[in-house]
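Fold and contact review
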Amino acid sequence: MNFIPYGRQDITQKDIDTVVETLTSDFITQGPMIKKFEDKIAEYTGVKHVSALNSATSALHVACLALGVEKGDYVWTTPVTFVASSNAALYCGATIDFVDIDSKTFNMSVELLEKKLKMAKKDNKLPKVIIPVHLTGQSCEMDKIHKLSIEYGFKIIEDASHAIGGKYKGEPIGNCKYSDITVFSFHPVKIVTTAEGGTCSTNSDELNEKINLLRTHGITRDEHIMVNESHGPWYYEQVGLGFNYRMTDIQAALGYSQLDRLDTYISKRHEISNLYRKLLSSLDVKLPHQLNECYNSYHLFVVQVQEEKRKEIFDKMREAGIGVNVHYLPVHLHPYYKSLGFKSGDFPVSESYYSQAISIPMFPTITDEEIQYVCERLKEYLG
Ligand SMILES: *Cc1c(COP(=O)(O)O)cnc(C)c1O
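Below, the structure is looked at part by part. Every value quoted in this text rests on a predicted model; they were computed, and no experiment measured them.

Glancing now at the site of the ligand. Close to the ligand lie 15 residues, the nearest being Thr57, Asp159, His162, Ser185 and Lys190. One of the side-chain nitrogen or oxygen atoms of Thr57 is found 2.5 Å away from an oxygen atom of the ligand. One of the side-chain nitrogen or oxygen atoms of Asp159 is found 2.8 Å away from a nitrogen atom of the ligand. When the ligand is considered free in solution it has 390 Å² of accessible area, and contact with the protein chains removes 93% of it. The class makeup of the residues in the shell around the ligand is five nonpolar, eight polar and two charged.

Structure follows, in structure tokens:
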């Protein structure tokens, strides 16, 4: 049996042809493929605007800036996420804090969020933005978080890096029905890839305009946005401070081609989940909890084993050629975050989740034999 990674991209001949076509065309960046890629996501999710960037990290950064996050503001997210979700707030000079997770779904707990909001209101420290993360591709309880946002006056950025192709209450994640901005990632381990890449989705014309300025130096060629009268067709103006966070057309071409297989990928991931659930049902592992109102995109398949056995099982799985992984060390436990004042014990549910979690292989091209092999090894090592 060859080494089985925990996640793997799928590149077809059609992807290669689409990329090569762009590579040999007139534009390899800032050309027509960007808009085609953006429009395809907008159409798929039913959102008004999509803006492509060079990573989801950049997308989270400009999303925070577009919502006015700055020094003196508070931003809250979940500890169980990739560090980019909270780093984005720090880039803007804001103060980051976390809301512990729900012990079943491992997403941000709405109950704890409400408690924390009540206390923050008393202390006059309410967050400007909250970043819920749809862990593994299962949506957070967005209707409840949205209700709280109206009551407490915060904005919402959905970090849907895991979740393209997933649904919440029957509608596509990324339609921004319950949020101001949604971010997708197109890193190769995610559901569809552009090698590196991310997007911001929004239904707001104003936010979209800000995001588009921020991704390209704060420069505009749009006469409606210019401060001065245009000097002629060559003229552009910098009207704010932005970055070079652009995606290339080569990357967009890859994503554009990949998106045709998004639904197939998600159904395949569901088949894999069903097989895992069947083969692991009688073992001493906790399987992912599935909410009825969510259609998971299954970026990851995280099982939970006894804390005392986790390291040994993990090591043995790796020795058996299975690329298990752990998602994630809670953000507040990283040395950098500890240097900001966070400490062990701050978010006990997240810490307990972490100590038991193992991500087992999940990607559309995994074979049934490979799945069986993973399950047999896991059974053996569980003892
Ligand atoms: C992958 C990931 C990111 C960052 O995505 P990049 O495209 O690599 O910048 C952000 N948040 C979460 C939850 C992720 O999994």
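The rest of the description comes next.
Looking at the secondary structure, you find Ser109 in the loop between β3 (95–98) and α5 (110–122). A distance of 3.3 Å separates a polar side-chain atom of Ser109 from the backbone nitrogen of Glu111. Discounting residues that sit within four places of it in the chain, Ser109 has contacts with Val99, Asp100, Ile101 and Asp102.

Our next topic: a nonpolar patch on the surface. Together, Ile11, Ile16 and Val20 give the surface a local cluster of nonpolar side chains, amounting to about 230 Å² of exposed area. Structurally, Ile16 is set in helix α1 (residues 13–23).

Position of Gly31 among the secondary structure elements: in the loop between α1 and α2 (32–45). Gly31 sits 221 residues away from Ala252 along the chain, and the two C-alpha atoms are 9.7 Å apart.

The next thing to look at is the sheet that holds β3. What the seven strands build is an open sheet, ordered β1-β9-β8-β5-β4-β2-β3; its pairing is mixed. In the strand order of this sheet, the two ends are held by β1 (49–53) and β3, each with one partner. The mean inter-strand angle of the sheet, taken between neighbouring strand axes irrespective of direction, is 20 degrees. Here strand β4 (residues 129–131) runs beside strand β5 (residues 155–159); their pairing, made up of two bridges, is parallel. Residue Val129 lies in a different strand from β5, and its bridge partner there is Lys155.

Another aspect to go through is the sheet that holds strand β6 (residues 167–168). Read across the open sheet, the three strands follow the order β7-β6-β12; overall the sheet is antiparallel. At either end of the open sheet lies a strand with only one pairing partner, and these are β7 (171–172) and β12 (294–295). Summarising the sheet, β6 and β7 pair through two bridges and their orientation is antiparallel. When the bridges of β7 are listed, Lys167 appears paired with Pro172.

Right, let's get into the packing of aromatic side chains. A full pass over the atoms with the stated rule returns twelve aromatic pairs. On the numbers, 5.1 Å between centres and 65 degrees between planes, the contact of Phe98 with Phe342 is edge-to-face. Of this pair, Phe98 sits in strand β3 while Phe342 sits in the loop between α11 (335–338) and α12 (348–356), and the two are 244 residues apart along the sequence. Each of the two residues, Phe98 as well as Phe342, counts as buried. Seen in terms of ring centroids, Tyr168 and Tyr178 are 5.5 Å apart; in terms of plane orientation they differ by 80 degrees. Their pairing is edge-to-face. Here Tyr168 is found in strand β6, whereas its partner Tyr178 is found in the loop between β7 and β8 (181–185), with ten residues between them in sequence. Each member of the pair, Tyr168 as well as Tyr178, is classed as buried. Grouping aromatic residues by their ring pairs yields a cluster made of Phe98, Tyr336, Tyr337, Phe342 and Phe347. Sitting over the ring of Tyr256, Lys40 keeps its end group 3.5 Å from the ring centre. Over the aromatic face of Tyr354 sits the side chain of Arg310, whose NZ or CZ is 5.1 Å from the ring centroid.

What counts and how
- Residues numbered from 1 in each chain as written.
- Predicted model: local features only at pLDDT ≥ 70, side-chain atom pairs only at ≥ 80, totals over all residues.
- Heavy atoms only, no water.
- Near = heavy atom within 4 Å.
- Polar contact = N/O pair within 3.5 Å; in protein donor to acceptor, adjacent residues only side chain to side chain.
- Areas by Shrake-Rupley, 256 points an atom, 1.4 Å probe, with all protein chains shown as cover.
- Nonpolar A, V, L, I, M, F, W, Y, C, P; charged D, E, K, R; others polar.
- Helix = DSSP H or I, 4+ residues; strand = E, 2+ residues; numbered from the N terminus.
- Contact = heavy atoms within 4.5 Å.
- Patch = residues over 30% accessible without salt bridge, like charges linked within 9 Å, V, L, I, M, F, W, Y side chains within 5 Å.
- Salt bridge = Lys/Arg side-chain N within 4 Å of Asp/Glu carboxyl O.
- Pairing = 2+ DSSP bridges.
- Axes fitted to C-alpha atoms, helices over the stretch in contact; angles between N-to-C directions.
- Phe/Tyr/Trp six-rings, centres within 6.5 Å; stacked < 30°, edge-to-face > 60°.
- Buried < 20%, exposed > 50% of the residue type's maximum accessible area, 1.4 Å probe, protein only.
- Lys NZ or Arg CZ within 6 Å of the ring centre and 35° of its normal.

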